Amino acid sequence: MSAVQTGIPVPVPNPDNQGFWDSCRQHELRLQRCLSCGAWRHQPRPMCPECHSLDYEWARASGRGTVYTFTVVHGPTLPVFQERAPYNVVVVRLAEGPYMVSNLIDCPVEDIRIGMSVEVVFDDVSETVSLPKFRAVK
Amino acid sequence: MTSLRDRAAIIGIGHTEFSKHLGKTEHRVACEAIAAAIADAGLTPNDIDGIVRYDIETNTELAIIYSLGIPHLRFFAGVTSGGGAVCGTIVLAAMAVATGQANNVVCFRARNRGKRSTSGPGKFGGGRPWEKTPQLLTDAYQYHIPFGLVTPAQEMAMIYRRHMHEYGTTTEHFGMVAVALRAHAARNPNAVMRAPIALADHQGSRWIAEPLRLLDCCLETDGACAVVVTSVERARDSRQPPAYILAAAQAEGPIHIQLADYFAHRQEETGGRAVSNQIYAMAGIEPTDIDAAMFYDHFSPAVLLSLEDYGFCAPGESGAFVAAGNIAWPSGSVPVNTHGGSLSEAFIHGYNHILEGVRQIRGTSTCQVQDAELVLVTSSNTDPTGAIVLRR
């Protein structure tokens with residue numbers, strides 16, 4: 001999982017999401033959790049949509065979830081991804097509630113099922129960026 | 001309470017030839033379509049004092065008035081989103097003419113999406129937005145593009161897979177939509193794709209992003225469409241039979257990324273469901289009153305979800321509804337996309353659907369629904385979105 005994959009478009013963190021990408025770089029999954037009402041949220045945003053508080057922490061998530069939906073991409077797609085097609089993209093519903101777009105690793109596309117249990121792993125795609133990916137929990 | 005109900009009408013429609021490659025700039029096709037719509041309305045550019053466009057449209061108001069010689073604009077606006085914008089342009093135009101902010105408003109979409117027109121920087125303009133993805137992602141794209149979720153087909157495949165899982169919808173149901181729309185296009189001389197297809201052709205076409213196959217995907221077309229909207233009072237003297245705007249509305253929410261409600265727990269929460277409630281309440285009608293529907297169809301299963309969102313069948317029952325022949329002209333209970341839609345007539349970001357809605361009201365469609373009185377036209381039903389009901 002440590003091979004540097006060049007050519008993938010990568011995130012440019014900003015003050016609202018720096019904690020998310022920094023934690024991924026440290027191979028920890030941290031999500032925003034409201035310090036006022038305790039609600040988890042992803043994707044990152046400055047304000048809690050439940051109680052409108054601007055105060056949050058980057059709380060350690062369990063890294064566990066289930067596959068909510070998925071696609072198997074054949075293309076056309078960006079050249080950097082086309083060379084690995086067919087590949088999967090999944091939406092994981094995290095144990096904490098929020099959804100996250102990701103990939104399942106070490107899983108043949110024909111074995112992917114909605115509802116399967118998954119856990120987070122990290123993929124270092126550049127010198128500075130690690131992506132949260134998932135693998136099936138046996 | 002003031003309402004947009006019956007305050008405005010579409011009195012002119014115009015479009016270019018539709019083709020995979022016209023060899024014209026987006027500026028040129030916009031001018032052609034707008035000039036045709038103004039002429040159809042029996043007006044001249046001097047009569048136009050409002051313009052509404054998609055906010056991603058490459059032709060600015062300035063470019064349009066500069067070429068058409070429109071002397072004085074009083075109202076101009078852009079609507080958020082691509083496929084979600086379609087009917088929102090009519091909402092804004094109707095508001096403008098109903099409140100006297102403008103007399104005659106042009107609404108349009110011009111787009112060169114054909115591959116030969118768009119590869120590279122492109123002297124014809126246009127293009128597939130995803131092909132221009134930057135290497136550094138500063139917006140919400142950063143939460144999905146690094147994982148290879150790049151194109152509209154891939155984004156929407158997620159929603160359709162979930163629908164299959166929850167309701168037992170099959171890719172054969174997707175195919176039945178594609179087959180029905182192609183049969184409509186076969187009668188339409190403007191359509192890019194007119195050769196009839198069978199379900200086996202759909203099932204044999206290549207995967208794009210499972211569960212979507214090639215024949216589930218809209219065309220990639222060069223061309224433009226335009227309409228002229230005016231007040232009901234002015235419409236009474238118009239050259240063409242007016243298509244009165246009985247209802248018009250927009251909706252967005254609760255949460256979305258790009259085309260797909262990844263974070264909504266159920267499809268019932270789409271903006272399409274919300275705008276459906278809004279327009280039926282404004283129009284004072286039921287889905288069964290609708291004579292024909294022009295649904296935004298970037299992908300064939302979008303028609304399935306729209307049938308549910310707009311109340312033509314219960315959630316989860318759209319596959320069986322289509323299998324029973326309900327969307328096919330002339331015998332279906334609600335013929336859908338009688339011009340062939342984005343799947344077979346042309347992909348002008350949904351704008352050709354408004355023109356076909358007007359034709360049904362005028363009685364000039366090549367798949368004319370007999371005595372059509374009420375026609376529904378929608379924007380892409382995952383939010384942001386919008387819809388209009390046209391009446392004779």
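Look above for the structure.
So, a few notes on the structure that sits alongside this text.

Conventions adopted
- Residues numbered from 1 in each chain as written.
- Chains lettered and ligands numbered in written order.
- Predicted model: local features only at pLDDT ≥ 70, side-chain atom pairs only at ≥ 80, totals over all residues.
- Helix = DSSP H or I, 4+ residues; strand = E, 2+ residues; numbered from the N terminus.
- Rg over C-alpha atoms; globule rule 2.2 N^0.38 Å.
- Buried ≥ 20, exposed ≤ 12 C-beta atoms within 10 Å, placed from the backbone.
- Contact = placed C-beta atoms within 7 Å.
- Pairing = 2+ DSSP bridges.
- Nonpolar A, V, L, I, M, F, W, Y, C, P; charged D, E, K, R; others polar.
- Expected span 1.5 Å × (residues − 1).

### Some words on the overall build of chain A
Okay, so step 1: Scanning chain A from terminus to terminus reveals two helices and nine strands.
Okay, so step 2: Its helices and strands in sequence order give chain A the pattern β-α-β-β-β-β-α-β-β-β-β, from N to C terminus.
Okay, so step 3: Computed over its C-alpha atoms, the radius of gyration of chain A comes to 16 Å, within 12% of the 14 Å expected for a compact globule of 138 residues.
Okay, so step 4: Judged by the C-alpha coordinates and their principal axes, chain A covers about 45 × 35 × 25 Å.
Okay, so step 5: For chain A, the proportion of its 138 residues judged to be buried stands at 38%.

### Description of the overall build of chain B
Okay, so step 1: A tally of regular secondary structure across chain B gives 13 helices and 12 strands.
Okay, so step 2: Taken over C-alpha atoms, the radius of gyration comes to 19 Å for chain B, in line with the 21 Å a tight globule of 392 residues would show.
Okay, so step 3: Principal-axis analysis of the C-alpha atoms gives chain B an extent of 55 × 50 × 40 Å.
Okay, so step 4: The burial tally for chain B puts 62% of its 392 residues in the buried class.
Okay, so step 5: Long-range pairs, those at least 24 residues apart, make up 76% of the contacts in chain B between residues at least 6 apart in sequence.

### What to know about the sheet that holds strand β2 (residues 30–34) of chain A
Residues and elements named next belong to chain A.
Okay, so step 1: With antiparallel pairing, three strands are arranged side by side in an open sheet as β3-β2-β4. Sheet topology places β3 (40–41) and β4 (56–60) at the edges, where each strand pairs with a single neighbour.
Okay, so step 2: Sheet topology note: the β2/β4 ladder contains five bridges and is antiparallel. Counterpart to R30 in the pairing with β4 is R60.

### Side note on the environment of R362(B)
Residues and elements named next belong to chain B.
Okay, so step 1: Topologically, R362 is positioned in helix α13 (residues 351–362).
Okay, so step 2: Under the C-beta neighbour-count criterion, R362 is labelled partly exposed, with 18 such atoms within 10 Å.
Okay, so step 3: Residues R362 and P242, spaced 120 residues apart in sequence, show a C-alpha to C-alpha distance of 7.7 Å.
Okay, so step 4: Apart from residues no more than four positions distant in its own chain, R362 is found in contact with Q240, P241 and A243.

### Description of the pairing of strand β8 (residues 117–124) of chain A
All names here are of chain A.
Okay, so step 1: Pairing of strand β5 (residues 64–73) with β8, which is carried by three bridges, proceeds in the antiparallel orientation. Note that in β8 the partner of R64 across the bridge is E119.
Okay, so step 2: Bridge count for β8 against strand β9 (residues 130–136) is seven bridges, and the pairing is antiparallel. Residue D124 lies in a different strand from β9, and its bridge partner there is S130.
Okay, so step 3: The loop that links β8 with its antiparallel partner β9 comprises five residues.

### Comments concerning the interface of chain A and chain B
Okay, so step 1: On the chain B side, the residues contacting the 25 residues of chain A number 30 residues.
Okay, so step 2: Those elements that place two or more of their residues in the side of chain A that touches chain B are β1 (10–11), β5, β6 (87–94) and β7 (99–102) of chain A.
Okay, so step 3: Here the side of chain A that touches chain B gets five residues from one element, more than from any other, and that element is β5(A).
Okay, so step 4: By residue class, the composition of the side of chain A that touches chain B is 18 nonpolar, seven polar and no charged.
Okay, so step 5: When β1(A) meets strand β5 (residues 136–137) of chain B, the two strands line up parallel, connected through two bridges. Bridge pairing in β5(B) links P11(A) to L137(B).

### Brief notes about helix α6 (residues 171–185) of chain B
Okay, so step 1: Spanning 15 residues, α6(B) covers 21 Å between terminal C-alpha atoms, matching the ideal 21 Å at 1.5 Å per step.
Okay, so step 2: The buried count for α6(B) comes to 13 of 15 residues, which makes it a mostly enclosed element.

### Some points on helix α5 (residues 152–167) of chain B
Residues and elements named next belong to chain B.
Okay, so step 1: Relative to the 22 Å expected for 16 residues at 1.5 Å per residue, α5 spans 23 Å between its end C-alpha atoms, a close match to the ideal helical length.
Okay, so step 2: In terms of residue burial, α5 counts as a mostly covered element, since 12 of its 16 residues are buried.
Okay, so step 3: Residues P152, A153, Q154, E155, M156, A157, M158, I159, Y160, R161, R162 and H163 constitute the buried set of α5.
Okay, so step 4: Taken from the residues just after α5, G168 is the one with a positive phi, measuring 80°.

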